[in-house]
Amino acid sequence: MLTPQSPIPTQFVSGVQADIASANPSLSSINASASPLMPITNRPEAIMSRGSGSYLWDERGTQYLDFIQGWAVNSLGHCAPEVSEVLAKQSQTLLTPSPALHNRPQLELAQQLIALSGLHQAHFTNSGAEANEVAIKLARKWGQLHRQGAYRIITTDNAFHGRTLATMAASGKPEWQKMYQPNIDGFLKVPFDDLGAVTAAIDPSVVAIMVEPIQGEGGVVVPETGYLHGLQEVAQQHNLLLILDEIQTGIGRTGSLFAFQQAAVKPDVITLGKGLGAGVPLAAVVASERASCFVNGDQGGTYNGNPLMTAVGLSVLNTVSQAEFLHHIQVMGTTLNQGLTKRVEHHRFKEVRGRGLLWALQLAEPKAAEITARAFANGLLINPAKPDVLRFMPSLRVNSIELEEFFQRLDASL
Ligand SMILES: *Cc1c(COP(=O)(O)O)cnc(C)c1O
């Protein structure tokens, strides 16, 4: 149902706060100027209370068609039945025995991930940034063992690898390099999709190259065909590790289980997150035999590999890795691409970029925030990845009726 159309709100939703407060007096003390939360982002005032598949509802009962899905997290949609079932069952069986004891879901998920990726061993973490930290540590350890202490990692401009100190340093956001100085040392930045720049940056201190197969947060930047393969060749020539951050592109998002499969490369290390947990905090680092060099004591974490999360991951992986499921992503992705391409012509936008069910619309002007706010008022959640880029990350289970509805709500907002 569409919310009543009012003049374009300057913020996401104006006037909603008063309604929530009157509907629920206990909330009347919660307002933006005296929030119990540390400010990290400008949230709309609506409070989300329920989700199902492609839809989200707030406390007032307003329905939203969700093309953000927790930032490409709810791969199977909100509250996917198999996720809820596994959580209910596992929560009554075993939550956290200890990371120093085996549990069955962790072993099975690791087994499945290495079988499906062609890699050798996995380690689980609670967030993507933490998985990337592990990948960085693994590379540094490998450099100590095999490359006389080489430790630098080549990463790219406009990259996003997370928000811990090391992953912020690895990311390619210029603003971040000044934020929490002193920075973690050991990252060399080169332009994305530029093989020559990578080769030029290599010296004996370099141990690895780390990139996203498609830059997600950076605005869905798809490199030229051959870029990833070229990186693999450069890595082989110079005895470096190739680390692919598949936290956003992995688990079906780009139309294959892993994005690296489309480029026909064999990375040494991949990191996964987001879609792997389908809404619960789960991430992983998976490494080849050559790169998997940790020994006891090198890594750990209280909740790493806990059965509550890994049981969910196993169920998600079993669903997404099915050929029919991946085919559905490709078919829906083609429809989404075609529809967006029509809008490019009609509105004279610049271009559409993406793969599978990860797409971006490059606008001609910096109007992404304004359009996003209008879409919100029209009951559609989309993400302004950049001032002039809109990003779309629907549930991998999105259907053609929902895509039609998406285009209606988007058109009303453009
Ligand atoms: C989201 C994301 C991360 C960080 O994951 P968190 O779970 O937020 O720590 C890292 N890399 C990429 C490519 C991402 O999209």
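Residues numbered from 1 in each chain as written. Predicted model: local features only at pLDDT ≥ 70, side-chain atom pairs only at ≥ 80, totals over all residues. Heavy atoms only, no water.

Asks: Describe the overall build of the chain, with residues and values.
Replies: Along the chain, the regular secondary structure elements total twelve helices and 15 strands. Here the chain has a C-alpha radius of gyration of 22 Å; the compact-globule value for 414 residues is 22 Å, and the two agree. Taking the principal axes of its C-alpha atoms as reference, the chain extends roughly 65 × 55 × 45 Å. Long-range pairs, those at least 24 residues apart, make up 70% of the contacts in the chain with a sequence separation of at least 6. Summed over all atoms, the accessible surface of the chain reaches about 18700 Å², with 55% contributed by carbon and sulfur. One finds the centroid of the 30 positive side-chain charges in the chain at a distance of 2 Å from the centroid of its 35 negative side-chain charges. (Helix = DSSP H or I, 4+ residues; strand = E, 2+ residues; numbered from the N terminus. Rg over C-alpha atoms; globule rule 2.2 N^0.38 Å. Contact = heavy atoms within 4.5 Å. Areas by Shrake-Rupley, 256 points an atom, 1.4 Å probe, with all protein chains shown as cover. Lys, Arg positive; Asp, Glu negative; His and termini not counted. Charge placed at Lys NZ, Arg CZ, Asp CG, Glu CD.)

Asks: Could you give an account of unusual backbone geometry, with specific residues and numbers?
Replies: Following Gln-181, the chain continues to Pro-182 via a peptide bond in cis, the omega torsion being 5°. Following the sequence through the fold, Pro-182 ends up in the loop between α6 (165–170) and β6 (187–190). Its identity as a non-glycine residue notwithstanding, Gln-148 has a phi of 50°, on the positive side. Of note, Gln-148 is situated in the loop between α5 (128–146) and β5 (152–156). Of note, Ile-251 is a non-glycine position whose phi angle comes to about 55°, a positive value. Relative to the assigned elements, Ile-251 resides in the loop between β8 (241–245) and β9 (269–272). A residue is classified by how much of its surface remains accessible, and Ile-251, at 2% relative accessible area, is buried. (Buried < 20%, exposed > 50% of the residue type's maximum accessible area, 1.4 Å probe, protein only.)

Asks: So what about the sheet that holds strand β12 (residues 358–362)? Which residues, and what values?
Replies: An order of β11-β12-β15-β14 is seen for the four strands of this open sheet, with the pairing classed as antiparallel. If you trace the sheet from one side to the other, it starts and ends with β11 (351–355) and β14 (383–386), each paired once. Mean inter-strand twist for the sheet, computed between neighbouring axes without regard to direction, equals 30°. Note that β14 and strand β15 (residues 389–392) share three bridges and pair antiparallel. When the sheet's bridge partners are listed, Lys-386 is paired in β15 with Val-389. (Pairing = 2+ DSSP bridges. Axes fitted to C-alpha atoms, helices over the stretch in contact; angles between N-to-C directions.)

Asks: Help me get a handle on the packing of helix α3 (residues 81–91) against helix α9 (residues 307–320), residues and values and all.
Replies: Close contact between α3 and α9 brings their axes to 9 Å; oriented N to C, the two are set at 150°. Taken together, α3 and α9 sit at an angle that is classed as roughly antiparallel. As α3 packs across α9, the resulting crossing turns out to be right-handed. Of the residues in α9, those touching α3 at Glu-82, Val-83, Val-86, Leu-87, Gln-90 and Ser-91 are Pro-307, Leu-308, Ala-311, Val-312, Ser-315, Val-316 and Thr-319. Residues of the contact of α3 with α9, tallied by class, amount to eight nonpolar, four polar and one charged. (Parallel < 35°, antiparallel > 145°, perpendicular 65-115°, else oblique. Left-handed = near helix turned anticlockwise from the far one by under 90°. Nonpolar A, V, L, I, M, F, W, Y, C, P; charged D, E, K, R; others polar.)

Asks: I'd like a description of the packing of aromatic side chains, backed by residues and values.
Replies: Two aromatic rings, taken as a pair, are described by how far apart their centres are and by the angle between their planes. Enumeration over the complete set of coordinates arrives at eight aromatic pairs. Residues Phe-67 and Phe-406 carry aromatic rings whose centres are separated by 4.3 Å and whose planes lie at 5° to one another, so their mutual orientation is stacked. In this pair, Phe-67 sits in the loop between β3 (63–66) and α2 (69–72) while Phe-406 sits in helix α12 (residues 400–411), placing the two residues 339 residues apart along the sequence. Residue Phe-67 shares its accessibility class with Phe-406, and that shared class is buried. (Phe/Tyr/Trp six-rings, centres within 6.5 Å; stacked < 30°, edge-to-face > 60°.)

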